[in-house]
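What the coordinates show
Chain by chain, the residues:
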Amino acid sequence: MDTNDQFSKQVKSGTNIQENKKRYETLMDKVCLMAGVVTGILQLESTYGFLAFLITYLFTILLYVIGICGGHPGLFYENTISDLLFDNFTRELMGFIMAWTFSFALIG
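These figures come from a predicted structure and were not determined experimentally.

1. A short note on the overall build of the protein chain
- A tally of regular secondary structure across the protein chain gives five helices and zero strands.
- A buried classification covers 28% of the 108 residues belonging to the protein chain.
- About 7300 Å² of surface is accessible on the protein chain, with carbon and sulfur atoms providing 66% of the total.

2. Considering the UniProt feature "transmembrane region" (unreviewed entry) in the protein chain
- UniProt tags residues 50-77 and 89-107 as "transmembrane region" (unreviewed entry).
- Between the C-alpha atoms that bound residues 50-77 the distance is 28 Å, and the span itself is 68% helix and 0% strand.
- Taken end to end, residues 89-107 has its terminal C-alpha atoms 27 Å apart, with 100% of it in helix and 0% in strand.

3. Details of helix H5 (residues 89-107)
- Here H5 is 19 residues long and its end C-alpha atoms lie 27 Å apart, about the 27 Å a rise of 1.5 Å per residue gives.
- Regarding H5, the residues found buried are Glu92, Leu93, Gly95, Phe96, Ala99, Trp100 and Ser103. Each buried residue of H5 lies within a common arc of 165° when the element is viewed along its axis, so the set occupies one face. Pointing more than 90 degrees away from the buried face of H5 are the exposed residues Thr90, Met98, Phe102 and Ala105.
- Where H5 is buried, its residues meet helix H2 (14-41) and helix H3 (46-68).

4. Concerning the pattern of salt bridges
- Taken as a whole and assessed by the stated rule, the structure comprises six salt bridges.
- The salt bridge partner of Arg23 is Glu19, with a shortest N-O separation of 3.3 Å. Remark: Glu19 and Arg23 occur in helix H2; sequence separation between them is four residues, near one turn of the helix.
- Residue Glu19 is classed as partly exposed on the basis of its relative accessible area, which comes to 32%.
- For Glu25, the salt bridge identified is with Arg91, shortest N-O distance 3.6 Å. Placement of Glu25 in helix H2 and of Arg91 in helix H5 is noted, with a sequence separation of 66 residues between them.

5. Concerning H2
- Relative to the 40 Å expected for 28 residues at 1.5 Å per residue, H2 spans 41 Å between its end C-alpha atoms, a close match to the ideal helical length.
- Listed as buried for H2 are Ile17, Tyr24, Met28, Asp29, Cys32, Ala35, Gly36, Thr39 and Gly40.

6. Let's talk about the packing of H2 against H3
- In contact at an axis separation of 10 Å, H2 and H3 are set at 145° when each is read in the N-to-C sense. Pair H2 / H3 crosses with right-handed handedness. Only Gly49, Ala52, Phe53, Thr56, Tyr57, Thr60, Ile61 and Tyr64 of H3 make contact with H2, whose side of the interface consists of Asn20, Tyr24, Leu27, Met28, Val31, Cys32, Ala35 and Thr39.
- The residue makeup of the contact of H2 with H3, split by class, is eleven nonpolar, five polar and no charged.

Reading the values: the criteria
- Residues numbered from 1 in each chain as written.
- Predicted model: local features only at pLDDT ≥ 70, side-chain atom pairs only at ≥ 80, totals over all residues.
- Heavy atoms only, no water.
- Helix = DSSP H or I, 4+ residues; strand = E, 2+ residues; numbered from the N terminus.
- Buried < 20%, exposed > 50% of the residue type's maximum accessible area, 1.4 Å probe, protein only.
- Areas by Shrake-Rupley, 256 points an atom, 1.4 Å probe, with all protein chains shown as cover.
- UniProt positions renumbered as here; feature names shortened; annotations may be inferred.
- Expected span 1.5 Å × (residues − 1).
- Arc of directions from axis to C-beta.
- Contact = heavy atoms within 4.5 Å.
- Salt bridge = Lys/Arg side-chain N within 4 Å of Asp/Glu carboxyl O.
- Axes fitted to C-alpha atoms, helices over the stretch in contact; angles between N-to-C directions.
- Left-handed = near helix turned anticlockwise from the far one by under 90°.
- Nonpolar A, V, L, I, M, F, W, Y, C, P; charged D, E, K, R; others polar.

Below, the structure is given as structure tokens:
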């Protein structure tokens, strides 16, 4: 292995990765809560509500990867797919359902 190859690899800081995860989690919390409120206001029920969540969740991840990460999330996260798709899925789903049912009950 050449000495230049050793130093050309980017070193990922654990502190920066944790900060990136925290900011991503905050963004997803806000987006999923707002999507839940909109879904409740639109009076979507059952499958359509969960479909709205999945579309919002995946579209937000896509925009985040393209817009914030510049199409290269591997530069900012250790395990990209796990960190972006699966780690916060249940948390975001529960927040979405809470906002959805609350706004649905207020409007209905």
